[in-house]
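Geometric and topological summary
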Amino acid sequence: DCNGKSLRHVPSSLPSNITGLDLSFNNLVMPRHGTLLMHFPSLRSLNLSSNALLVLSPAVFSNLGALRLLDLSSCSIAYLHTDAFKGLGNLHTLLLRNNSLQELEVPFFLPLKALFHLDLQHNALVSLDTSSLQLLEAVPQVQLEGNLWVCDCTVHPLQQWLQRRHAWQVTCASPPGLRGWEVAALDSEELGCQMKQRFPRGLSTVQQITVTHSNSKLCSCGGVCKVWSWTYLVGFLVAAVGISILIALAAKCKLFHKNFASYRHRPLPETSSIGGSPMEDSSSWDRGSSGRGASESHPMPGATDLQAEDDDGFIEDNYIQPSEQLPEEEERE
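Since the model is a prediction, treat every value here as computed from it, not as a measurement.

1. Structural notes on a nonpolar patch on the surface
Together, V241, I245, L246 and L249 make up a nonpolar patch on the protein surface, roughly 390 Å² of accessible area in all. Mapped onto the elements of the fold, V241 is located in helix α4 (residues 229-262).

2. What to know about unusual backbone geometry
Cis geometry is found at the peptide bond from S174 to P175, where omega equals 0 degrees. Of note, L54 is a non-glycine position whose phi angle comes to about 65 degrees, a positive value. On the secondary structure map, L54 appears in the loop between β2 (45-47) and β3 (55-56). If you check the backbone angles, A59 has positive phi at about 55 degrees while not being a glycine.

3. Description of the sheet that holds strand β7 (residues 117-119)
Strand order in the open sheet formed by six strands is β1-β2-β4-β6-β7-β8, with parallel pairing between adjacent strands. On the outer flanks of this sheet lie β1 (20-22) and β8 (141-143), each paired with one strand and no other. Averaged over all neighbouring strand pairs, the angle between strand axes comes to 0 degrees, with direction disregarded. Relative to β7, strand β6 (residues 93-95) runs parallel, the two sharing three bridges.

4. Notes on the pattern of salt bridges
Tallying each qualifying case throughout the model produces two salt bridges. A salt bridge links R97 to D119; the shortest N-O distance between them is 2.7 Å. Of this pair, R97 sits in the loop between β6 and β7 while D119 sits in strand β7, placing them 22 residues apart in sequence. Residues R164 and E137 are paired through a salt bridge, measuring 2.9 Å at the closest nitrogen-oxygen approach. Of this pair, R164 sits in helix α2 (residues 156-165) while E137 is found in the loop between α1 (130-136) and β8, placing the two residues 27 residues apart along the sequence. Judged by its relative accessible area of 37%, E137 is partly exposed.

5. Here we look at the packing of aromatic side chains
Under the criterion given, the structure shown has one aromatic pair. Ring geometry for F61 versus F85: centroids 6.5 Å apart, planes at 10 degrees, classification stacked. Residue F61 is located in the loop between β3 and β4 (69-71), and its partner F85 is located in the loop between β5 (79-80) and β6; the two are separated by 24 residues in the primary sequence. Summarising the burial analysis for this pair, F61 and F85 share the class buried.

Criteria and thresholds
Residues numbered from 1 in each chain as written. Predicted model: local features only at pLDDT ≥ 70, side-chain atom pairs only at ≥ 80, totals over all residues. Heavy atoms only, no water. Patch = residues over 30% accessible without salt bridge, like charges linked within 9 Å, V, L, I, M, F, W, Y side chains within 5 Å. Areas by Shrake-Rupley, 256 points an atom, 1.4 Å probe, with all protein chains shown as cover. Salt bridge = Lys/Arg side-chain N within 4 Å of Asp/Glu carboxyl O. Helix = DSSP H or I, 4+ residues; strand = E, 2+ residues; numbered from the N terminus. Pairing = 2+ DSSP bridges. Axes fitted to C-alpha atoms, helices over the stretch in contact; angles between N-to-C directions. Buried < 20%, exposed > 50% of the residue type's maximum accessible area, 1.4 Å probe, protein only. Phe/Tyr/Trp six-rings, centres within 6.5 Å; stacked < 30°, edge-to-face > 60°.

The structure is reproduced here in structure tokens:
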């Protein structure tokens, strides 16, 4: 236990087989090159909190392969080199609370294959990109409370990540209208994100542009967007009813044209009932008209007379066999 000894360097008299070392509340100076501790292969817990370390040089802990817990809280760290934790493949817990970290680079997580608990509370983080969040998926316990989260469109990936992990303690620091709100409880509209809109098929391009323009006025990236979903539902229903009416009218008009065409009659060509040509019928009609006086004296048989003659149902055969014609000629002679 070397807590609060105002040490600037690690004592050289420490035994090499120690498993835990507390160097908190000192004035340690980090080496620019090489490692902080030499010849401690069994060290499993190292507490360096409340030292003004500021910047961690690359591979400063590379010789501590057995380390399981590393406490770097309250060390005024503003930047982490991509190789700052190189060689810590067995690290289980990393405490970085109460520092000045503004961003986390993706390669920072790569050497920490066995990391289980990461504490990033009370730093200056404003957002996390998608790549960093994907790497944090492999860490079961991540604490992000007390950072300066800006709740706008840039925090949307973090909001979805927190919802998946059911983390409800992370709150917004800005804008003022959302200060103190839980990030995971917000939605994309409250974050001011203009999401891709889906329009009903019945809306024209001009109507879609009008809706998009009106929504863009309501939803700005710096304020809270409240667009009620029922307005979209009413618009969709009105469009659907209008389209149904248009389809019904189109079907009615089609049936009307079809029926109108069926009633459009044309006079049939005048043809003889026995198969004669129209010319023969017309000539016979002329002859009939010229000899009207004769026809009056000899009227044409009516339909009743013709029906009376054909009541037997037989058709008269005018064909006479030659054998039947000879006796008639002899009798005439």
